[in-house]
Amino acid sequence: MASAARVLAGLCLLVPIVVMMWVPSYSKVTPKLGGLPFFYWYQLLWVLLSALFTGTAYLLIRRDEAARRAAAAPGADAPVAPATPVVPAPKDGGRS
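Read on for a plain summary of the structure. The model shown is predicted, which means the values in this text are computed figures rather than measured ones.

In this model, helix α2 (residues 38–72) (35 residues) spans 50 Å end to end at C-alpha, consistent with the 51 Å of a helix rising 1.5 Å per residue. Within α2 the residues assigned to the buried category are Phe 38, Trp 41, Tyr 42, Trp 46, Ser 50, Ala 57, Leu 60 and Asp 64. Along its buried surface, α2 packs onto α1 (4–21).

Rendered as structure tokens:
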């Protein structure tokens, strides 16, 4: 089942796609910004916004993966037992 973080990450990735595919919303000349028609500066603005949305989605997925790994780790609630020391084999092949 998809977690809330994964759904939110999917929406973060979907928003820039939907906004850019809806061309009639920005297919106009005014308002101008620094002499650039709205059509151009609005798309340039969405380049930056898309990077922010994509970065947010990445962080959400990364946090969700860490939470899933922590929950799935065997004995996550149990204390970790000390490792058994490894005794090296004798250098003479055990003939002494």
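All right, on to the side chain of Asp 64 then. For Asp 64, the position within the fold is in helix α2. Of the residues examined, Asp 64 reaches a relative accessible area of 10% and is grouped as buried. Ignoring any residue separated from it by four or fewer positions in sequence, one finds Asp 64 in contact with Ser 3, Ala 5 and Arg 6.

With that settled, consider the packing of aromatic side chains. A complete count under the given rule lists 7 aromatic pairs for this structure. Counting every residue linked through ring pairs, the aromatic cluster contains Tyr 26, Phe 38, Phe 39, Tyr 40, Trp 41, Tyr 42, Trp 46 and Phe 53. Stacked on the ring of Phe 38, the Lys or Arg Lys 28 has its end atom at 5.2 Å from the ring centre.

Moving on, we get to the nonpolar core. Judged by nonpolar contacts, Val 19, Tyr 26, Phe 38, Trp 41, Tyr 42 and Trp 46 together constitute the single largest core of 6 residues. Looking at this core, the element that brings in the most residues is α2, giving 4 residues. Look past the residues within four positions of Trp 41 in its chain and what remains in contact with it is Pro 31, Lys 32, Leu 33 and Leu 36.

Compared with the 26 Å implied by 1.5 Å per residue over 18 residues, the 26 Å span of α1 between its first and last C-alpha is a close match. Approximately 25° is the largest bend angle found in α1, and it occurs at Leu 14, with the proline Pro 16 only one to four residues beyond. For α1, the full list of buried residues reads Ala 5, Ala 9, Cys 12, Pro 16 and Val 19. Here the buried face of α1 lies against α2.

Here we come to unusual backbone geometry. With an omega of 0°, the peptide bond running from Thr 30 to Pro 31 counts as cis. Counting through the fold element by element, Pro 31 comes out in the loop between α1 and α2.

What counts and what doesn't
Residues numbered from 1 in each chain as written. Predicted model: local features only at pLDDT ≥ 70, side-chain atom pairs only at ≥ 80, totals over all residues. Heavy atoms only, no water. Helix = DSSP H or I, 4+ residues; strand = E, 2+ residues; numbered from the N terminus. Expected span 1.5 Å × (residues − 1). Buried < 20%, exposed > 50% of the residue type's maximum accessible area, 1.4 Å probe, protein only. Contact = heavy atoms within 4.5 Å. Phe/Tyr/Trp six-rings, centres within 6.5 Å; stacked < 30°, edge-to-face > 60°. Lys NZ or Arg CZ within 6 Å of the ring centre and 35° of its normal. Core = buried A, V, L, I, M, F, W, Y, C linked by side-chain atoms within 4.5 Å. Bend = angle between axes of the 7 residues up to and from the residue.

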